[in-house]
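# Notes for the structure review
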Amino acid sequence: MIIRRSTYNRLVARADAYGQDARTARRSEQSAHNEVARQVALAEVRQADHDRTVAGMAADLAAAERRADLLQKAYDNAVGLDDPALDLGAHWQQRREDKPQAVKP
């Protein structure tokens, strides 16, 4: 099949345009892929920072609870709430005779 030079030049130009479009699409796709990879890496870094912060806060909370427990024990000792006689008095409270009775409707 014989074609004119002008037709051949148009076909070559169209093929070049398709090739250029394909290269542009490939670059665009690669840029999008790189952006997604960058966003994923950034999210992983943020998650690691968040995990470290949460772990630090949990350790601080545990330390604060230990200090509060020690302070409570020291307070109980100072005011005499750890006296074993108090436990015996609790049983007396259950069987005392002047204990008010709840009114049943």
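Figured I'd write up the structure that's included with this text. Just so it is clear, the structure is predicted and the values come from calculations on it, not from any experiment. (Residues numbered from 1 in each chain as written. Predicted model: local features only at pLDDT ≥ 70, side-chain atom pairs only at ≥ 80, totals over all residues. Heavy atoms only, no water.)

## Focus on the overall build of the chain
If you tally the helices and strands in the chain, you get two helices and zero strands. Summed over all atoms, the accessible surface of the chain reaches about 9,900 Å², with 58% contributed by carbon and sulfur. (Helix = DSSP H or I, 4+ residues; strand = E, 2+ residues; numbered from the N terminus. Areas by Shrake-Rupley, 256 points an atom, 1.4 Å probe, with all protein chains shown as cover.)

## Here we look at the environment of Thr-53
Locating Thr-53 in the fold gives a position in helix α1 (residues 5–79). Residue classification places Thr-53 among the partly exposed positions, given a relative accessible area of 45%. Separated by 2.9 Å, the side chain of Thr-53 and the backbone oxygen of Asp-49 make a polar contact. (Buried < 20%, exposed > 50% of the residue type's maximum accessible area, 1.4 Å probe, protein only. Polar contact = N/O pair within 3.5 Å; in protein donor to acceptor, adjacent residues only side chain to side chain.)

## So, the pattern of salt bridges
Enumeration over the complete set of coordinates arrives at two salt bridges. The closest approach of N and O atoms between Glu-35 and Arg-38, which form a salt bridge, is 2.9 Å. Highlighted residues: Glu-35 and Arg-38, both in helix α1, separated by three residues, approximately one helical turn. With relative accessibility at 45%, the residue Arg-38 sits in the partly exposed group. For Arg-52, the salt bridge is made with Asp-49, and the minimal N-O distance between the two is 2.2 Å. Placement of both Arg-52 and Asp-49 in helix α1 is noted, with a separation of three residues, approximately one turn of the helix. (Salt bridge = Lys/Arg side-chain N within 4 Å of Asp/Glu carboxyl O.)

## Let's talk about a nonpolar patch on the surface
A cluster of nonpolar side chains, namely Met-1, Ile-3, Tyr-8, Leu-11 and Val-12, defines an oily patch on the protein surface of about 570 Å² accessible area. Relative to the assigned elements, Leu-11 resides in helix α1. We classify Leu-11 as partly exposed; its relative accessible area is 43%. (Patch = residues over 30% accessible without salt bridge, like charges linked within 9 Å, V, L, I, M, F, W, Y side chains within 5 Å.)

## Re α1
Here α1 spans 109 Å end to end across 75 residues, near enough to the 111 Å set by a 1.5 Å rise per residue. Where α1 terminates, the next one or two residues include Gly-80, which has phi positive at roughly 85 degrees. (Expected span 1.5 Å × (residues − 1).)

Just distances and angles here, no functional claims.
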